[in-house]
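Residue-level structure breakdown
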Amino acid sequence: WELRTGKSQRVLPPLLDELGEIDVFIHDSDHTFPCMMFEYELSWEFLQPRGILLSDDIHTNDAFDVFGEVRADQFGEAYSGFGYALKSK
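Residues numbered from 1 in each chain as written. Predicted model: local features only at pLDDT ≥ 70, side-chain atom pairs only at ≥ 80, totals over all residues. Heavy atoms only, no water.

Time to look at the nonpolar core. Among the nonpolar cores identified, the biggest contains 18 residues, and Tyr40, Trp44 and Leu53 are the most heavily contacted of them. Per element, the largest residue contribution to this core is 6 residues, and it comes from helix H2 (residues 33-46). Setting aside chain neighbours within four positions, we find Leu53 in contact with Phe25, Tyr40, Ser43, Trp44, Leu47, Phe64, Phe67, Gly83, Tyr84 and Ala85. (Core = buried A, V, L, I, M, F, W, Y, C linked by side-chain atoms within 4.5 Å. Buried < 20%, exposed > 50% of the residue type's maximum accessible area, 1.4 Å probe, protein only. Helix = DSSP H or I, 4+ residues; strand = E, 2+ residues; numbered from the N terminus. Contact = heavy atoms within 4.5 Å.)

Here it is, written out as structure tokens:
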């Protein structure tokens, strides 16, 4: 485990390139629509089939619903404001 700090737009792309693939992604950073969509879209490209994207504060704006409708095979609210999106392929 290694802590990396900074804006996700700067830190996340090289981290994901380094990892190559991920099974789980958890969003709990800046809850603006642009930041959430950036993290969702980028992490989705590295997420393995049957992987899961998790997000806190999904009711802050409609980014999670917009993303889920277009990209996720299944998505919803696991509990109060915490969402999940499953990737089957």
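With respect to the secondary-structure elements, Lys87 resides in strand S4 (residues 82-87). Despite its burial, Lys87 pairs with no opposite charge; the closest candidate is Glu45, at 5.9 Å N-O. Separated by 2.6 Å, the side chain of Lys87 and the backbone oxygen of Trp44 make a polar contact. Not counting residues up to four positions away in its chain, the partners in contact with Lys87 are Trp44, Leu47, Gln48, Pro49, Arg50, Gly51 and Asp73. (Lys, Arg positive; Asp, Glu negative; His and termini not counted. Salt bridge = Lys/Arg side-chain N within 4 Å of Asp/Glu carboxyl O. Polar contact = N/O pair within 3.5 Å; in protein donor to acceptor, adjacent residues only side chain to side chain.)

Let us look at the pattern of salt bridges. Scanning the model with the defined rule gives 4 salt bridges in all. Glu2 is the salt-bridge partner of Arg4, the closest N and O atoms lying 3.2 Å from each other. Overall, the relative accessible area of 30% leaves Arg4 in the partly exposed class. Ionic pairing is found between Glu41 and Arg71, a salt bridge with its closest N-O pair at 3.2 Å. With Glu41 in helix H2 and Arg71 in helix H3 (residues 63-71), this residue pair connects regions lying 30 residues apart in the sequence. Overall, Glu41 belongs to the partly exposed group, its relative accessible area being 29%. One network of salt bridges, with partners in common, ties together Glu2, Arg4 and Glu18.

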